[in-house]
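Residues per chain, in single letters:
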Amino acid sequence: MAAFQPHTKLSFIFCVFLVQSLILKQGVSVNGGGITSKFVRKVEKAIDMPLESDVHITQGDHEGRAVIVSWVTMEEPGSKKVIYWKVNSKEKKSASGKVNKYKYYNYTSGYIHHCTIKHLEYDTKYYYQVGIGQSPRTFWFSTPPKVGPDVPYTFGLIGDLGQSYDSNATLTHYEKNPTKGQTVLFVGDLSYADNYPNHDNTRWDTWGRFVERSTAYQPWIWTVGNHEIDFAPEIGETRPFKPFKNRYRTPYKASNSTAPFWYSIKRGPAYIIVLSSYSAYGKYTPQYKWLEDELPKVDRTETPWLIVLLHSPWYNSYNYHYMEGETMRVMYEPWFVQYKVDVVFAGHVHAYERSGPRLLVMTEPQPDYSAFREASFGHAIFDIKNRTHAYYSWHRNQDGYAVNADSMWFFNRCWHPVDESTGVDV
Ligand SMILES: [Fe+2]
């Protein structure tokens, strides 16, 4: 019993805090015996979180004025509507979406809803409600500032998340980081359902429920990784990316892409290009042709920061997944140099490495291009300050929430070019 004492004490402290919060927020009546709060909790029975409680949002257009809301209902499809309203506004609007189900071997999904809310105002907090007529649930998000060169914006960076104890630590550290990410750039490998027999798609449900605490409140920009392929001909599943495609939406049509796995968005001061390491990227392929047309469209006077997301890194000095990104690097790196891409974020290796901005030189154990590496889990923050400077920091799970394990200033390649070999402005 003694072992439980500290826990009891903690619970008690929490209760005191809770009561104080209620006093601050609700009306109170004071009499001789103390305080009786007028707060009355909801009368309905508390409902357990179902497996399929997956609510997530992502950007829904090219400019940041639309949001795609996705959620799952279990027994029946229910309403396809999302009700939304601006903070401090009584005017409620609604948008209607689509619902689908899919089967994967012996698994049948719940009703998966996707609804795009359009014509939102920039830099505004909105509330939204899903599950209308069933078990309505309310969340909120903030739209980004109007696209422009000198609006600060902070991105979080997460990849290879999965749903292990480490995954939970990574997400908690991201949430608790004193530098608050406003949008997550997710560099692929979501649920790792394919690690289970028959790619048990229930793991996609549990992953959605796990990350909902963040994905329902800020957009996650999706990149596909190898764990999204779910190609399993031995059980008759031959359509690559089937679970991902059914569950997650990307605004690919807004950037004239022909597939949801490669696309672009503008968000605040950033132009973000998402590529697929696991879709054809050779010459004449749809992805190649799209990227060839896309890069010249980026206007650095409007969006100074050009960011690329992909899953399999082009520079990786770990043995794990060594050289897997090499053929894509050979295809696209000359374009990235020509168009002055500021930074490429990748995942896949389950360890941290920051490479210097130079071409690949193979020298082991630690090659020249590898500026910092360690086999740690964590998240990163890319904090864009203005058109010339962005601060990048890496946060390990084993450290305190505010600790930077590695960091560097990024100088914009168009607005503040620096010669990397000398560190001198050019
Ligand atoms: Fe991977």
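About the cut-offs
Per chain, residues are indexed from 1 in the order of the written sequence. The predicted origin of the model limits local features to residues at a pLDDT of at least 70 and limits the giving and counting of side-chain atom pairs to 80 or more, whereas totals for whole chains, interfaces and linings rest on all residues. For the side-chain quantities, the full set of heavy atoms in the structure was used; hydrogens and water were omitted. UniProt positions are given in the numbering used here, feature names are shortened, and annotations may be inferred rather than shown by experiment. Comment: elements are numbered from the N terminus, with helices defined as DSSP H or I runs of at least four residues and strands as E runs of at least two. Under the convention used throughout, the expected extent of a helix is 1.5 Å for every residue step, that is, one less than its residue count. For a residue, the bend is simply the angle between two axes, fitted respectively to the seven-residue segment ending there and the seven-residue segment starting there. Burial classification: accessible surface area is computed with a 1.4 Å probe over protein chains only, and a residue below 20% of its type maximum counts as buried, one above 50% as exposed, and the rest as partly exposed. Working definition of a nonpolar core: buried Ala, Val, Leu, Ile, Met, Phe, Trp, Tyr and Cys residues. They are joined through side-chain atoms within 4.5 Å. We call two residues in contact when some of their heavy atoms are within 4.5 Å. The criterion for an aromatic pair is that two Phe, Tyr or Trp rings (for Trp, the six-membered ring) have centres within 6.5 Å, with stacked assigned to planes under 30 degrees apart, edge-to-face to planes over 60 apart and tilted to the rest. By this definition, two strands are paired if DSSP reports at least two bridges between them. Here an angle of 0 to 180 degrees is reported between the N-to-C directions of two axes, which are lines fitted to C-alpha atoms, with helices fitted over the stretch in contact.

Looking at an unreviewed UniProt entry, the protein carries the name Purple acid phosphatase, with the source organism given as Carnegiea gigantea. Per UniProt, the protein has the following entry under Sequence similarities (unreviewed entry): "Belongs to the metallophosphoesterase superfamily. Purple acid phosphatase family." UniProt, in its Catalytic activity (unreviewed entry) section for the protein, records the words "a phosphate monoester + H2O = an alcohol + phosphate".

Novice: Would you take a moment to explain helix α3 (residues 202–215) for this structure?
Specialist: Taking 1.5 Å per residue as the helical rise, α3 with its 14 residues ought to reach 20 Å, and the 18 Å between its terminal C-alpha atoms agrees with that figure. The largest bend in α3 is about 30 degrees, located at Arg209. The buried fraction of α3 is high, at 10 of 14 residues. Residues of α3 that are buried include every one of Trp204, Asp205, Thr206, Trp207, Gly208, Phe210, Val211, Glu212, Ser214 and Thr215, and no others.

Novice: What am I meant to see in unusual backbone geometry here?
Specialist: Glycine aside, negative phi is the norm for most residues, and most peptide bonds take the trans geometry. Look at His119: it is not a glycine, yet its phi comes out positive at around 55 degrees. Note on placement: His119 falls in the loop between β10 (111–117) and β11 (125–130). In the Ramachandran plot, Asp230 falls in the positive-phi region, its phi being about 50 degrees despite a non-glycine side chain.

Novice: Would you explain the nonpolar core in this entry?
Specialist: Generally speaking, soluble globular proteins have nonpolar side chains that are buried together. Core analysis: the largest hydrophobic core is formed by 65 residues, its most contacted members being Trp207, Trp220, Leu275, Ile307, Tyr332, Phe345 and Phe382. With sequence-adjacent residues up to four places away left out, Phe382 is seen in contact with Tyr153, Thr154, Phe155, Leu157, Trp305, Ile307, Val343, Phe345, Ala390, Tyr391, Tyr392 and Phe410. Counting residues in hydrophobic clusters, the runner-up holds 17 residues, among them Val55, Val69, Tyr84 and Ala216.

Novice: Quick question: what am I supposed to make of the packing of aromatic side chains here?
Specialist: The geometry of two aromatic rings is summed up by the distance between their centres and the angle between their planes. Inspection of every chain in the model, using the stated rule, returns 33 aromatic pairs. Geometrically, the ring pair formed by Trp207 and Trp220 is edge-to-face, given 6.5 Å between the ring centres and 80 degrees between the ring planes. Taken as a pair, Trp207 in helix α3 and Trp220 in strand β15 (residues 220–222) lie far apart in primary sequence, 13 residues in all. Residue Trp220 is classed as buried on the basis of its relative accessible area of 0%. Relative to Phe261, the ring of Phe244 has its centre 6.4 Å away and its plane inclined at 45 degrees; by these criteria the two rings are tilted. With a gap of 17 residues between them, Phe244 in helix α4 (residues 242–247) and Phe261 in the loop between α4 and β16 (263–267) connect regions that are remote in the sequence. Looking at Phe261, the relative accessible area reads 9%, which means it is buried. Members of the aromatic cluster, connected to one another through ring pairs, are Tyr84, Trp85, Tyr126, Tyr127, Tyr128, Phe139, Trp140, Phe141 and Tyr217.

Novice: When you look at the pairing of strand β22 (residues 378–384) in this model, what are you seeing that I'm missing?
Specialist: Two faces, one strand: in a regular strand the side chains alternate between the faces of the sheet. The element β22 is largely enclosed, with a buried count of seven among its seven residues. In β22, alternate side chains face the same way, and those of Gly378, Ala380, Phe382 and Ile384 on one face and His379, Ile381 and Asp383 on the other are all buried. Judged from the five bridges that link them, strand β13 (residues 153–158) and β22 form a sheet pairing that is antiparallel. What sits directly across from Leu157, in β22, is Ala380. Bridge count for β22 against strand β23 (residues 389–396) is seven bridges, and the pairing is antiparallel. Paired with Phe382 across the bridge in β23 is Tyr392.

Novice: Please explain the sheet that holds strand β19 (residues 343–345) as it appears in this structure.
Specialist: As a general point, the strands of a sheet are linked pairwise by backbone hydrogen bonds and lie either parallel or antiparallel. Strands sit in the order β16-β17-β18-β19 across an open sheet of four strands; the sheet is mixed. If you trace the sheet from one side to the other, it starts and ends with β16 and β19, each paired once. For this sheet, the mean inter-axis angle between neighbouring strands, taken without regard to orientation, is 20 degrees. Examined bridge by bridge, β16 and strand β17 (residues 270–274) share five bridges and lie antiparallel to one another. Bridge pairing in β17 links Ser264 to Ile273.

Novice: What is the right way to read helix α6 (residues 326–338) from this model?
Specialist: Every α-helix carries 3.6 residues per turn, so stepping three or four residues along brings you back to the same face. End to end, α6 covers 19 Å across 13 residues, agreeing with the expected 18 Å (1.5 Å per residue, within 8%). The largest bend in α6 comes to about 50 degrees, at Tyr332, with the proline Pro334 one to four residues further on. The inward-facing, buried residues of α6 abut α5 (286–294), β18 (305–309) and β19. Immediately beyond the C-terminal end of α6, within one or two residues, lies Lys340, with a positive phi of roughly 55 degrees.

Novice: Would you explain the sheet that holds β22 in this entry?
Specialist: Taken together, six strands build an open sheet; the order of strands is β15-β14-β13-β22-β23-β24 and the sheet is mixed. Strand pairing shows two members of the sheet lacking a second neighbour, β15 and β24 (406–411), which therefore form its edges. Averaged over all adjacent pairs, the angle separating strand axes in this sheet is 20 degrees, with direction ignored. Sitting on the sheet, helix α2 (residues 165–176) is in contact with β13, β14 (183–186), β15, β22 and β23, with an inclination near 30 degrees to β22. Contacting β14 and β15, α3 crosses the sheet at an angle of about 130 degrees to β15.

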